[in-house]
Amino acid sequence: MASSAVDNVLPEALQFRPTSPLVDIGANLTHESFDRDFDDVIARAHAAHVNTMIVTGTDLAHAEQAIALSGQYPGLFATAGIHPHDASCWNAELANKMKALHAHPKVVAVGECGLDFNRNFSTPAEQEHAFEAQLALAVESGLPLFLHERDAGVRMREILAAWRGDISDAVVHCFTADRDTLHGYLDLDIHIGLTGWICDERRGHHLRPLVNDIPLERLMVETDCPYLLPRNLPAKLKGRRHEPALLPWIVKEIAQWRGISEAELGSATTQTAQRFFRLPTES
Ligand SMILES: [Zn+2]
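Residues numbered from 1 in each chain as written. Predicted model: local features only at pLDDT ≥ 70, side-chain atom pairs only at ≥ 80, totals over all residues. Heavy atoms only, no water.

## Considering the side chain of E253
At step 1: Tracing the chain through its elements places E253 in helix α8 (residues 247-258).
At step 2: Within the structure, E253 has its side chain in polar contact with the side chain of W257 (distance 3.0 Å).
At step 3: For E253, the contacting residues outside a window of four places in its chain are I198, C199, R208 and N232. (Helix = DSSP H or I, 4+ residues; strand = E, 2+ residues; numbered from the N terminus. Polar contact = N/O pair within 3.5 Å; in protein donor to acceptor, adjacent residues only side chain to side chain. Contact = heavy atoms within 4.5 Å.)

Below, the structure is given as structure tokens:
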């Protein structure tokens, strides 16, 4: 672990402030790696013009923490859901607790929820059960959905197609799949979240030509920090922890493959996020 003194500052080569404010729609800021220097992480995000962060709530405890953080720091909002890895713990009591969280004014989406057939930490049947129960909660609350999908695109599209008329909106966060899956989502008028995965030459470069297929009003950007440190950074970072202040480097990469300026991509994704999550306009 790097010392907190080292964490207090990003190397100068990594400090990049785009002209338009950005929204990080997927930040796992309840992760324990942020405990020791949380205020510095937020200050660095603001210095990088990342003014708004949606803190991902992946289970009951983390959703409650995300809500608590969003109450303490302006520009932070929360999601509340059960990740497919934890779908096996879904029950009626948990459903009621989630429903109560969805009524909190700082909760802007139901999720992270969905399907992950890559690792199957919960069985596919358990995942589908918890996912459909959360789709029902999204219908009830009217909130949009923050979705996770890995190696489950076909089933995810079938389920979403059945619910699409009833849910308000949905974003597939950290999209990593292929062109057919992408177009399946776009045909359902689903939003797409892109992370630094696109910067990974080992597994993410197939996303480069797909970037142009996503309408700007359907595209949002996210770090998924502390995971998925982008591999396009112009300097080494002590430790491997990703953080919101590095979002501009992801925007830069996506803009490059789309053939537009960082400013244009930044401002479009921010407008999309503000509309999608119904954020206060000053954020
Ligand atoms: Zn995810």
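Additional details are given in the paragraphs that follow.
## Here we look at the confidence of the model for the protein
At step 1: In the predicted model, the protein carries a mean pLDDT of 95, and 96% of its residues have values of at least 70.
At step 2: Note on residues 1-6: pLDDT under 50 across the span, and 5 contacts to partners over four residues away in sequence or across chains. (pLDDT = per-residue confidence, 0-100.)

## A closer look at unusual backbone geometry
At step 1: Cis rather than trans, the peptide bond between G111 and E112 has omega equal to 15 degrees.
At step 2: Relative to the elements of secondary structure, E112 occurs in strand β4 (residues 107-116).
At step 3: Phi is positive for D224, close to 55 degrees, though the residue is something other than glycine.
At step 4: Its location among the elements puts D224 in the loop between β8 (219-221) and α8.

## Regarding the UniProt feature "binding site: a divalent metal cation 1" (unreviewed entry) in the protein
At step 1: Taken from the UniProt record, the annotation "binding site: a divalent metal cation 1" (unreviewed entry) applies to E112 and D224. These annotated residues cover 113 residues of sequence, but their C-alpha atoms sit close together, with the largest distance between any two at 11.5 Å.
At step 2: On the basis of relative accessibility, which here comes to 12%, the residue D224 falls in the buried class.
At step 3: Dropping the residues within four chain positions of it, D224 is found in contact with G26, N28, H173, C174 and T195. (UniProt positions renumbered as here; feature names shortened; annotations may be inferred. Buried < 20%, exposed > 50% of the residue type's maximum accessible area, 1.4 Å probe, protein only.)

## What to know about helix α4 (residues 92-102)
At step 1: Listed as buried for α4 are L94, A95, M98, L101 and H102. End-on view of α4: buried residues confined to an arc of 120 degrees, all on one side of the axis. Away from its buried face by more than 90 degrees, α4 exposes A92, E93, N96 and A100.
At step 2: Buried residues in α4 make contact with α3 (60-72), β3 (76-80), β4 and α5 (124-141).
At step 3: Here α4 starts with a cap whose side-chain oxygen sits 3.1 Å from the backbone nitrogen of E93, and that cap is N91. (Arc of directions from axis to C-beta.)

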